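# Topology and contacts: notes
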Amino acid sequence: MYSIIFFILGLIFGSFMNVLICRLPYGKSIVYPSSSCQTCGHKIRFYENIPILSYIFLKGRCSSCKTKISIQYPFVELATGFAFLFAYKYFGVSVLTLKMIVFLYLLLVIAFTDFFTSLDSDNFECGVIPVVLTRGGIVLGVILSLMVAPGLKTFLDSLIGILVGGLIIWLPGFIYQLITKKEGMGFGDVELLAMIGAFLGYKPLFLILMLSSIFGTIIGIPVILIKKDRNFPLPFGPFISIATIVYIFYGDFLVNLYLNTMFGG
Ligand SMILES: [Zn+2]
């Protein structure tokens with residue numbers, strides 16, 4: 001029963017995530033005006049705005065002008081639905097679940113925003129991570145960590161996490177920039193890792209960065225080969241987010257795997 005509730009809640013919040021993804025990077029208000037078709041301006045009625053179901057009933061097209069609705073909408077809704085569902089399956093119903101759901105939500109909205117803005121070369125040179133998400137996320141990370149385990153130790157853990165998260169990626173980027181005079185890592189990625197540090201503390205950061213580099217290489221090389229463009233601005237934020245989500249659910253498994261391979265075991 002709870003599973004269904006969490007999944008549906010995820011779908012609803014996923015629908016709102018689409019609004020955030022489409023408006024935040026463009027500096028548009030996220031509350032006004034209500035959603036309308038990008039092509040014909042048709043106002044989306046409430047029954048056309050039901051997650052997943054509306055997309056199926058409308059057969060993926062605007063009810064007025066029949067323009068195709070981007071697959072982004074149902075995809076984001078489903079991803080959020082499953083994130084909420086897995087958070088419940090893994091953490092039950094507790095304050096920790098609330099913390100993890102907020103965390104997962106931030107990771108997803110950041111990953112999608114970074115990804116979709118990187119595709120929009122008319123408006124952006126590369127992917128964008130809105131600072132309101134990362135800075136808001138840093139504050140929420142500290143507050144929610146304290147709600148799960150109140151005390152000075154938690155506060156310090158989060159604080160050190162923020163510092164290490166910022167430095168772990170800012171420093172290599174800074175050195176890269178000094179040597180090559182080219183911009184390495186975007187500042188959005190620095191803030192994203194600081195946010196992850198606020199939620200998880202500093203310990204998992206190195207593993208997460210390693211994982212995201214592996215994912216980035218596995219996905220990045222084929223993309224560059226297909227695009228035939230070495231300078232294609234593949235955003236790194238989505239890989240950091242995916243690596244963090246993998247860590248949340250498979251962290252123990254990965255740490256054991258690492259220890260076993262390194263030290264035999
Ligand atoms: Zn339309």
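These figures come from a predicted structure and were not determined experimentally. (Residues numbered from 1 in each chain as written. Predicted model: local features only at pLDDT ≥ 70, side-chain atom pairs only at ≥ 80, totals over all residues. Heavy atoms only, no water.)

Okay, the environment of valine 93 next. Among the structural elements, valine 93 can be located in the loop between α3 (72-91) and α4 (95-119). Under the relative-accessibility criterion, valine 93 is labelled exposed at 54%. Note: C-alpha distance between valine 93 and isoleucine 30 (63 residues apart in sequence) is 29 Å. (Helix = DSSP H or I, 4+ residues; strand = E, 2+ residues; numbered from the N terminus. Buried < 20%, exposed > 50% of the residue type's maximum accessible area, 1.4 Å probe, protein only.)

Bringing the packing of helix α7 (residues 187-200) against helix α9 (residues 237-263) into the picture now. Taken N-terminus to C-terminus, the directions of α7 and α9 make an angle of 15°; their axes are 10 Å apart at the nearest point. The orientation of α7 relative to α9 falls into the category roughly parallel. In this structure, α7 meets α9 at a crossing whose hand is right-handed. Packed against α7, whose contacting residues are Asp189, Leu192, Leu193, Ile196 and Leu200, the element α9 presents Gly237, Ile240, Ser241, Thr244 and Tyr247 at the interface. Broken down by class, the residue content of the contact of α7 with α9 amounts to 6 nonpolar, 3 polar and 1 charged. (Axes fitted to C-alpha atoms, helices over the stretch in contact; angles between N-to-C directions. Parallel < 35°, antiparallel > 145°, perpendicular 65-115°, else oblique. Left-handed = near helix turned anticlockwise from the far one by under 90°. Contact = heavy atoms within 4.5 Å. Nonpolar A, V, L, I, M, F, W, Y, C, P; charged D, E, K, R; others polar.)

On the surface, Met1, Tyr2, Ile4, Ile5, Ile8, Leu9, Ile12, Phe13 and Val93 cluster together into a nonpolar patch covering about 890 Å² of accessible area. As for its position among the elements, isoleucine 8 is in helix α1 (residues 2-23). With a relative accessible area of 42%, isoleucine 8 lands in the partly exposed category. (Patch = residues over 30% accessible without salt bridge, like charges linked within 9 Å, V, L, I, M, F, W, Y side chains within 5 Å. Areas by Shrake-Rupley, 256 points an atom, 1.4 Å probe, with all protein chains shown as cover. Salt bridge = Lys/Arg side-chain N within 4 Å of Asp/Glu carboxyl O.)

A word on unusual backbone geometry. A cis amide bond links tyrosine 32 to the next residue, proline 33, at an omega of -5°. Examined against the element boundaries, proline 33 turns out to sit in the loop between α1 and α2 (53-57). Positive phi is not limited to glycine here, since isoleucine 52 has a value of about 60°. The exposure class assigned to isoleucine 52 is buried, which follows from its relative accessible area of 17%.

What follows deals with the side chain of threonine 244. Relative to the helices and strands, threonine 244 is located in helix α9. Its relative accessible area of 0% is what places threonine 244 among the buried residues. The contacts of threonine 244, once residues within four sequence positions are left out, are Phe103, Leu107, Ile196, Leu200 and Ile208.

For an α-helix, 3.6 residues make a turn, and residues three or four places apart therefore share a direction. In this model, α7 (14 residues) spans 20 Å end to end at C-alpha, consistent with the 20 Å of a helix rising 1.5 Å per residue. Of all the 14 residues making up α7, 11 are buried; the element is thus mostly covered by neighbouring parts of the structure. Here the buried face of α7 lies against α4, α5 (131-148), α6 (152-180), α8 (205-227) and α9. Of the residues one or two after α7, glycine 201 is the one with positive phi, at around 80°. (Expected span 1.5 Å × (residues − 1).)

Before going further, it helps to spend a moment on α1. Over its 22 residues, α1 runs 32 Å from end to end, which matches the ideal 32 Å to within 8%, given 1.5 Å per residue. Within the sequence span of α1, burial applies to Ser3, Phe6, Gly10, Leu11, Gly14, Ser15, Met17, Asn18, Val19, Leu20, Ile21 and Arg23. Buried positions along α1 lie against α3 and α4.

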